[in-house]
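Overview (structure and organization)
Single-letter residue listing:
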Amino acid sequence: MACGFRRSIACQLSRVLDLPPENLIKSISAVPISRKEGVADFQLSVDSILENNNDHSRPDIQVQAMRLAEKLKCDTVVSEISTGQGTVNFKINRELLTKTVLQQVINDGSKYGLKSELFSGLPQKVVVEFSSPNVAKKFHVGHLRSTIIGNFIANLKEALGHQVTRINYLGDWGMQFGTVGILPHSAPKTLNCLLGTGFQLFGYEEKLQSNPLQHLFEVYVQVNKEATDDKNIAKSAHEFFQRLELGDTQALALWQKFRDLSVGEYVRIYKRLGVHFDEYSGESFYREKSQEVLKLLDSKGLLQKTVKGTAVVDLSGNGDPSSVCTVMRSDGTSLYATRCQHVPFGVVQGMKTRRGNVTFLEDVLNEIQSRMLQNMASVKTTRELENPQETAERVGLAALIIQDFKGLLLSDYQFSWDRVFQSRGDTGVFLQYTHARLHSLEETFGCGYLNDFNTACLQEPQSVSILQHLLRFDEVLYRSSQDLQPRHIVSYLLTLSHLAAMAHKTLLIKDSPPEVAGARLHLFRAVRSVLANGMKLLGITPVCRM
């Protein structure tokens, strides 16, 4: 694998540069396919190993690269050494490259790329908190990005060997329970109208049991409307919330019922998304613990009061105003900041169903399934699928996730149903189609060809390009692990799929000599394996037929 080749190159460099190989490993990178000008597989940036980074005093980088290359020798691993713009380039022995990469992909399976020396350090305990819908409200589409981003981060950390706990921090206490509406922005006034009070006035137990969140939403709308004209409802709501705060058994029982029913509905939606949680926590769990934290900060003299009445902590320790964190509101209640590495993300614009503006996530999921079923209806193999609805949803979710993950998470983007479901180009549908196509090859020809292969049969340019791309999977995973951006993996998988599509047209298996067919099948099998691994990290379930 890449790390084995990388270490071999690093060991030779260490003897010339008098540096430990470990110091050189991360300076040696596989050359991306899109930037290949020659035949190099790896390159060393000379700039990265020079101790003196002052442009005025150090020798010319190109001269340095040439001098270094002259001191290096080819061996059983490296067959050619050359220089580029400030780089020393290394070409790996072609048969060794072919044999090593394909064997490593097959042997490592789902762990391919994750055993690299790029990933150093001991496993850690990692908590990933994401999604966080509000209890007693239907799952809003606005929570979708948090859900799929958090799921990706948890998947990646878990794959890297960390002990991951996935927490869904529910909005199950306080304002969303005590507030059901806000008046115009120019004069915001909170309507103290609890869902508990609304249910006592307008709720039906039968409807609550049959369709919990829909009924609670209806109650929410009705009690909000009534509260604008009836001050007694607001008074009753305030009293209900006071009962909750004081631990009234009846009020807490109703709150617990709403919470349990909500979680049950969310679990059903998460199952459709392929997402799971280890723990459903929430604001209610921390309402007492956050006060203990504030008291502890105060006792240590770290809590400072502002003129506005809020409580802050100086994280810099030297009075730097940019490092002040507000941990308590002026009314004494705690803030989310007292409880987080934060991964910011932008807004999805223009997401609508055929019925108009989207409010609820389940509407999006139903629309995804419906549109994909229509797209698949004309395809002959669709009628052979055991569960076309499940396949349609998995392909549709892949389309949604890839569109979301293609760019920087912090960026806003304009949603487009037509663009999402294109079967060609850089889409999730294309990834799923590629995986299904490669799986079909294995089903058709796999039985007779997967025992062994001849590396000499995979020296065509298309084969070498795929092998070179497979070589750098660990670097892509490393980049995503550093900045928690899925776009690196998405770009890699799309390039891999395009390479596979081109190779599928020229590297034929049918009617080829058995030795050639077997080698090519090994190559396509490796592509499918890495493609599946990457898709699963992103939260996509690969389909085998579509």
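Residues numbered from 1 in each chain as written. Predicted model: local features only at pLDDT ≥ 70, side-chain atom pairs only at ≥ 80, totals over all residues. Heavy atoms only, no water.

**Concerning the nonpolar core**
Counting residues in hydrophobic clusters, the biggest one holds 138 residues, and the most contacted among them are Phe90 and Leu470. No other element matches helix α20 (residues 514-538), which puts 13 residues into this core. Ignoring sequence-local partners within four residues, the contact set of leucine 470 consists of Val101, Leu102, Tyr112, Tyr492, Leu496, Ala526 and Val530. Formed by seven residues, the second largest nonpolar core is a distinct cluster that contains Leu294, Leu297, Val313 and Val327. (Core = buried A, V, L, I, M, F, W, Y, C linked by side-chain atoms within 4.5 Å. Buried < 20%, exposed > 50% of the residue type's maximum accessible area, 1.4 Å probe, protein only. Helix = DSSP H or I, 4+ residues; strand = E, 2+ residues; numbered from the N terminus. Contact = heavy atoms within 4.5 Å.)

**A closer look at the pairing of strand β4 (residues 87-92)**
Buried residues dominate β4, accounting for six of its six residues. Here β4 shows a buried face lined by Thr87, Asn89 and Lys91 and a second buried face lined by Val88, Phe90 and Ile92. Bridge count between strand β2 (residues 42-45) and β4: four bridges; the pairing is antiparallel. Following the sheet pairing, serine 45 is matched in β4 by threonine 87. Alignment of strand β3 (residues 78-83) against β4, held across five bridges, turns out to be antiparallel. In the sheet register, isoleucine 81 faces β4, and the bridge partner there is phenylalanine 90. The loop that links β3 with its antiparallel partner β4 comprises three residues; one of these, glycine 86, has a positive phi angle of about 75°. (Pairing = 2+ DSSP bridges.)

**Focus: the pairing of strand β11 (residues 311-314)**
Alternating positions in β11 separate into two faces, Ala311 and Val313 on one and Val312 and Asp314 on the other, with burial throughout. Note: strand β10 (residues 304-305) against β11, two bridges, orientation antiparallel. Bridge pairing in β11 places glutamine 304 opposite valine 312. Linking β10 to β11, which pair antiparallel, is a turn of five residues; within it glycine 309 sits at a positive phi near 95°.

**A closer look at the sheet that holds β3**
Taken together, four strands build an open sheet; the order of strands is β1-β2-β4-β3 and the sheet is antiparallel. The sheet is open, and its two borders are formed by β1 (28-30) and β3, each paired with just one other strand. Taking each pair of neighbouring strands and ignoring which way they run, the sheet shows an average axis angle of 25°. Looking at chain direction, β1 and β2 are connected through three bridges and run antiparallel. Across the sheet, isoleucine 28 pairs through a bridge with leucine 44, a residue of β2. (Axes fitted to C-alpha atoms, helices over the stretch in contact; angles between N-to-C directions.)

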